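Listed below are the residues making up each chain.
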Amino acid sequence: MTTNNITDKRWSLQGTTALVTGGCNGIGLGIVKELVSLGATVHVCDKNEPDLIKRLEQWEEQHLPITGSLCDVSSRDDRHKLIEKASSLFNGKLDILVNNAGVVLFKPTVSYTAEEFSFIMSTNFESAFHLSQLAHPLLKASGSGSIVFISSIAGLIGANNVSLYAASKAAMNQLVKNLACEWGKDNIRANGIAPALIRTPLLLQDVASLAVFLCLPSASYITGQIICVDGGRSINIS
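Residues numbered from 1 in each chain as written. Predicted model: local features only at pLDDT ≥ 70, side-chain atom pairs only at ≥ 80, totals over all residues. Heavy atoms only, no water.

Novice: Help me understand the packing of aromatic side chains in this model?
Specialist: Each aromatic ring pair is described using two quantities: the centre-to-centre distance and the angle formed by the ring planes. A full pass over the atoms with the stated rule returns two aromatic pairs. Where F125 meets F129, the ring centres are 6.1 Å apart and the plane angle is 45°; that geometry is what we call tilted. Pair noted here: F125 and F129 are both in helix 5 (residues 114-142), with a separation of four residues, about one helical turn. (Phe/Tyr/Trp six-rings, centres within 6.5 Å; stacked < 30°, edge-to-face > 60°. Helix = DSSP H or I, 4+ residues; strand = E, 2+ residues; numbered from the N terminus.)

The following block contains the structure:
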């Protein structure tokens, strides 16, 4: 094997499989495009049926290796069905899981209802926890699994009117660290990305590029990390 071939393999996802939640728009869509560009076969889920149908038609026209399922990640039954589908598509193995789907609700802390608490925590944190649990056998079977959690700098710094969202992302950040320790023996890596509020396509692309980098063989020694993509906001106290 030549040096060039070794280098190419370290920067390629050729032959790998990936599952991306919330993959039809925003960060999720950017990640899907990046994964496919490096050779991965991808299954996406989204709870918006018109968006999913539209994207699947586009990807089919472009002959891209992307399939999709309708799934509300806040639903435990939907999560089970999603992993069953991925297992069927990928023959019981999965190389990459991207826990991207999430919701935010800006309100003063005293104004949140019990229903809003349950919805935000189940969508943002419980779904990521449960999908990781369900996907564990598939990731382990791949021999080199990678989980990427799309978190937020809200889980690391204080902000007004976003306490529930921040709490769900802070819990996610801790989950990243624990899974990295617990599942390292199974050759599964776990990392998180904490973006600032996505205002520009450039920032969205930076997040997508980092997410896919963390899945590459080139990142094989990176695990348990929460990496901010925020232009330095999280370290700026001025």
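Novice: Honestly, the pattern of salt bridges in this entry has me stumped. Any pointers?
Specialist: For the structure on display, the rule yields four salt bridges. In this structure, the salt-bridge partner of E116 is K107, at a minimum N-O distance of 3.0 Å. Residue classification places K107 among the buried residues on the basis of a relative accessible area of 19%. One network of salt bridges, in which partners are shared, links K140, K185 and D186. (Salt bridge = Lys/Arg side-chain N within 4 Å of Asp/Glu carboxyl O. Buried < 20%, exposed > 50% of the residue type's maximum accessible area, 1.4 Å probe, protein only.)

Novice: Any chance you could explain helix 4 (residues 76-89) here in plain terms?
Specialist: It helps to recall that an α-helix has 3.6 residues per turn; residues three or four apart then point in one direction. When the terminal C-alpha atoms of helix 4 are compared, their 20 Å separation across 14 residues agrees well with the 20 Å that a helix rising 1.5 Å per residue should span. All buried positions along helix 4 are accounted for by R79, L82, I83 and A86. Viewed end-on, helix 4 has its buried residues packed into an arc of 90°, placing them on one side of the element. The exposed residues of helix 4 that point more than 90 degrees off its buried face are D77, K81, E84 and S88. Contacts from the buried residues of helix 4 go to strand 1 (17-21), strand 2 (41-46), strand 3 (66-70) and helix 5. Looking one or two residues beyond helix 4, the residue adopting positive phi is N91, at roughly 55°. (Expected span 1.5 Å × (residues − 1). Arc of directions from axis to C-beta. Contact = heavy atoms within 4.5 Å.)

Novice: Looking at this structure, I do not really get helix 3 (residues 49-61). What am I missing?
Specialist: Over its 13 residues, helix 3 extends 18 Å from the first C-alpha to the last, a length consistent with the 18 Å expected when each residue adds 1.5 Å. Considered for burial, the residues of helix 3 that qualify are L52, R55 and W59. Down the axis of helix 3, the buried set is contained in an arc of 70°. They therefore lie on one face. With respect to the buried face of helix 3, the exposed residues turned more than 90 degrees away are P50, E60 and E61. Elements that come into contact with the buried residues of helix 3 comprise helix 2 (26-37), strand 2 and strand 3. The backbone nitrogen of D51 has a side-chain oxygen 3.0 Å away, supplied by the residue at the start of helix 3, namely N48. Following helix 3 by one or two positions, H63 adopts a phi angle in the positive range, close to 60°. (Polar contact = N/O pair within 3.5 Å; in protein donor to acceptor, adjacent residues only side chain to side chain.)

Novice: What exactly am I supposed to notice about the packing of helix 5 against helix 6 (residues 163-182) here?
Specialist: Between two packed helices, what matters for the description is the angle formed by their axes and the separation of those axes. Across the interface, helix 5 lies against helix 6 with an axial gap of 9 Å and an inter-helix angle of 15°. Accordingly, the angle class assigned to the pair helix 5 and helix 6 is roughly parallel. Judged by the sense of rotation from one axis to the other, the crossing of helix 5 with helix 6 is right-handed. The residues of helix 6 that touch helix 5, namely those facing E116, F117, I120, M121, N124, F125, A128, F129 and S132, are L164, Y165, S168, K169, A171, M172, L175 and L179. (Axes fitted to C-alpha atoms, helices over the stretch in contact; angles between N-to-C directions. Parallel < 35°, antiparallel > 145°, perpendicular 65-115°, else oblique. Left-handed = near helix turned anticlockwise from the far one by under 90°.)

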